Each structure stands twice: as structure tokens, then as C-alpha cells.
Amino acid sequence: MNTISKIKFFLLFTFLFTGFLSCDKNNYEQVPYVSVNVKINIYSNLTFMGIGETVMILPDDSNYGYIRFNDDSRSDIYLTSKVYGNGIILYRYDQEAFLAYDRTCTFKPATNYCGLEFDDSGILPTCPCCESRFIVSYAGEATGYPTSDSQAALALKQYKTTISNGILKISN
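Residues numbered from 1 in each chain as written. Predicted model: local features only at pLDDT ≥ 70, side-chain atom pairs only at ≥ 80, totals over all residues. Heavy atoms only, no water.

### Considering the pairing of strand S3 (residues 64-69)
Here comes step 1: Bridge count for strand S2 (residues 54-59) against S3 is five bridges, and the pairing is antiparallel. From the neighbouring strand, Pro-59 faces S3, where its bridge partner is Gly-65. (Pairing = 2+ DSSP bridges. Helix = DSSP H or I, 4+ residues; strand = E, 2+ residues; numbered from the N terminus.)

Below, the structure written as C-alpha cells:
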């Protein structure tokens, strides 16, 4: 084997070997993009959502959204907006202030694509695939981050929320 062939072999081996080493949980995947343009009347559709509560906005079979409350005694509320992907987590931190996050867990989101579920408290959405939990409550600082015991390392993808004339708009 001549010197050039040895160099080519070494470079190929190094390239392949480092590629295998990078395939661990620190290889951060991006949450897949979905179009978000949801409009909700806060006075009629979110009347039962108290301050400090979290709801899930989920897609039905036709991709129309519906609001699912953490409390099973409350009925789902169907919306006229389309919702794609795993849906949205909505947290109300003031009478007319909301935070909205993609419902997709950030631990290997492109591979696993797991949708978060309510935990017992309704405040720490939990991934059924990797058991990561996320803090969505608002304490005057950034939210959406996983708890320290989670496999996920990245915060949830956050969406823009605005209110105008009693209509909450969630968009990206």
C-alpha cells in the first residue's frame, strides 16, 4: 500500500469513526416544523382555564384543533383552526397572558416524535417515550426547559402569542 492510499484509508476511517461517536443523546435534533396559526376566543373557549393551568390543543382526524383540559370533568372544546403535528401546550399565567409550546418532546424529536402528556399536577408535561418532564409555568424567566432528571436537554419550541379583541392568536 503506497503512502497516498494509507492517507486516504486513515482519513476515511477517521471520518467514519467520528460519525459513529457523535450518535448519542447530545446530538440535538430539531423539532420538525409545522405551520401554526391558531385563533381562540379567550372569553368563550378559555373561560374555564384558570390562571396557572395548562391545556393541550390537539389535532383531530381532520387536523382541526380541540382543547383538552387536564380536568376530565371538562369537555373538549373544538376550534375552527387547523392544528398540525403533535399539537400545542398552552399555559395561562395571567388573565390575558399565555405561553404556547410545541407538544413534541425535544429528546430525539425527529426520530421519536413523541407528544407530551399531562402529568398528575397538570403543570409538568411529561413524555411517554423517555419520561422527560418540562417546566411550563411562568416565574418571570424563561420557561419550557426540561427538569434536571430528564433525558431531554433542550427547551420546548415556543410559539408567539398575541391577544387582540379577545382573540388569542398562536403563531410561528
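### Some points on the sheet that holds strand S7 (residues 158-164)
Here comes step 1: One open sheet accounts for eight strands, arranged S1-S8-S7-S6-S5-S2-S3-S4; its pairing is antiparallel. Each edge of the sheet is formed by a strand with only one pairing partner; in this case those strands are strand S1 (37-41) and strand S4 (77-82). Going from strand to strand, the sheet's axes swing by 25 degrees on average, the running direction of each strand aside. (Axes fitted to C-alpha atoms, helices over the stretch in contact; angles between N-to-C directions.)

### Regarding the packing of aromatic side chains
Here comes step 1: Counted according to the given criterion, the structure contains one aromatic pair.
Here comes step 2: Across from the ring centre of Tyr-64, 4.4 Å away, lies the NZ or CZ of Lys-82, which sits over that ring. (Phe/Tyr/Trp six-rings, centres within 6.5 Å; stacked < 30°, edge-to-face > 60°. Lys NZ or Arg CZ within 6 Å of the ring centre and 35° of its normal.)

### Considerations on unusual backbone geometry
Here comes step 1: Backbone geometry at Asn-63 places phi at a positive 70 degrees, although glycine is not the residue there.
Here comes step 2: In this fold, Asn-63 is placed in the loop between S2 and S3.
Here comes step 3: Among the residues examined, Asn-63 registers a relative accessible area of 29% and is labelled partly exposed.
Here comes step 4: Even without glycine at this site, Glu-131 takes up a positive phi of about 65 degrees.
Here comes step 5: Tracing the sequence through the fold places Glu-131 in the loop between helix H2 (109-112) and S7. (Buried < 20%, exposed > 50% of the residue type's maximum accessible area, 1.4 Å probe, protein only.)

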